[in-house]
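Take a look at the letters that make up each chain.
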Amino acid sequence: MEIWINPACSKCRSAVKLLDAEGADYTVRRYLEDVPSEDEIRAVLDRLGLEPWDITRTQEAAARELGVKEWARDASSRDRWIKALAEHPKLIQRPIITADDGTAVVARTDEAVRDALSR
C-alpha cells in the first residue's frame with residue numbers, strides 16, 4: 001500500500017499515525033516532491049472510481065489563479081483537469097491511499113484509513 005501525503009497536512013499526519021498504530025506495511029510518497037505523472041493520476045482516479053474534479057482542492061491559490069471552479073466537469077475536460085493536477089500537485093486532495101486490492105481511498109478520516117487497511 002502507498003499513501004500520498006503532504007507532511008504539512010494534519011489529515012496526512014493523522015493517517016500515517018493510524019497506519020503505524022495498526023502496524024500497516026506501506027510506502028510514503030511525498031507527492032509535492034515526487035510529483036505524480038498524468039498517467040499516475042489517471043491510474044489513481046481509476047482506482048478511486050472518481051473524476052479529477054472530485055479530488056481537486058479548489059480553494060488553493062493555484063486553483064483560483066487557474067479558475068478551475070469555472071471549468072467544465074465532463075469527459076472532454078478530463079485531460080485538462082489531470083494536466084492541472086500534474087502541473088500543480090498542491091491541488092490534489094490528500095491523503096490518498098492505494099490499497100493492496102487495487103483500489104484507493106481519499107483517507108481524510110480514520111474510517112477511510114481503516115477501510116483501506118481492510119482491503
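Just above sits the structure.
Residues numbered from 1 in each chain as written. Predicted model: local features only at pLDDT ≥ 70, side-chain atom pairs only at ≥ 80, totals over all residues. Heavy atoms only, no water.

A. Just the nonpolar core, in detail. With 21 residues, the main nonpolar core has Trp4, Ile41, Leu48, Ile55, Leu85, Ile92 and Ile96 as its most contacted residues. Looking at this core, the elements that each hand over two or more residues are α2 (38–48), α3 (61–66) and α4 (78–87). No other element matches α4, which puts 5 residues into this core. Other than its neighbours up to four places away in sequence, leucine 85 contacts Ile41, Pro52, Ile55, Thr56, Leu91 and Ile92. Formed by 16 residues, the second largest nonpolar core is a distinct cluster that contains Met1, Cys9, Cys12 and Val113. (Core = buried A, V, L, I, M, F, W, Y, C linked by side-chain atoms within 4.5 Å. Buried < 20%, exposed > 50% of the residue type's maximum accessible area, 1.4 Å probe, protein only. Helix = DSSP H or I, 4+ residues; strand = E, 2+ residues; numbered from the N terminus. Contact = heavy atoms within 4.5 Å.)

B. Main features of α4. Taken together, the buried positions of α4 are occupied by Arg78, Trp81, Ile82, Ala84, Leu85 and Ala86. Buried positions along α4 lie against α2 and α3.

C. Here's a closer look at the side chain of arginine 94. Relative to the helices and strands, arginine 94 is located in the loop between α4 and β3 (96–98). The buried charged residue arginine 94 lacks any salt bridge, with glutamate 60 as its nearest oppositely charged partner at 4.3 Å. Every residue in contact with arginine 94, bar those within four places of it in the chain, is listed here: Trp4, Asn6, Cys9, Cys12, Tyr31, Arg57, Glu60 and Arg108. (Lys, Arg positive; Asp, Glu negative; His and termini not counted. Salt bridge = Lys/Arg side-chain N within 4 Å of Asp/Glu carboxyl O.)

D. Representation of the packing of aromatic side chains. Counted according to the given criterion, the structure contains 3 aromatic pairs. Considering the side-chain rings of tryptophan 71 and tryptophan 81, the 5.4 Å spacing of their centres and the 80° angle between planes classify their relative orientation as edge-to-face. Taken together, the residues tryptophan 71 in the loop between α3 and α4 and tryptophan 81 in helix α4 connect sequence positions 10 residues apart. Across the pair, exposure class does not vary: tryptophan 71 and tryptophan 81 are buried alike. Linked through ring pairs, Trp53, Trp71 and Trp81 together constitute an aromatic cluster. (Phe/Tyr/Trp six-rings, centres within 6.5 Å; stacked < 30°, edge-to-face > 60°.)

E. Looking closely at the pattern of salt bridges. Scanning the entire structure with this criterion turns up 10 salt bridges. Between arginine 29 and aspartate 34 there is a salt bridge; the shortest N-O distance is 3.4 Å. Owing to a relative accessible area of 7%, arginine 29 belongs among the buried residues under this scheme. In this structure, glutamate 40 and arginine 29 form a salt bridge, with 3.0 Å as the shortest nitrogen-oxygen distance. Residue glutamate 40 is located in helix α2, and its partner arginine 29 is located in strand β2 (residues 27–30); the two are separated by 11 residues in the primary sequence. Classification of glutamate 40 by relative accessible area gives partly exposed; the value is 32%. Taken together, the salt bridges that share partners define one network made up of Glu38, Asp39, Arg42 and Asp79.

Note that all results are geometric; they support no functional claim without further evidence.
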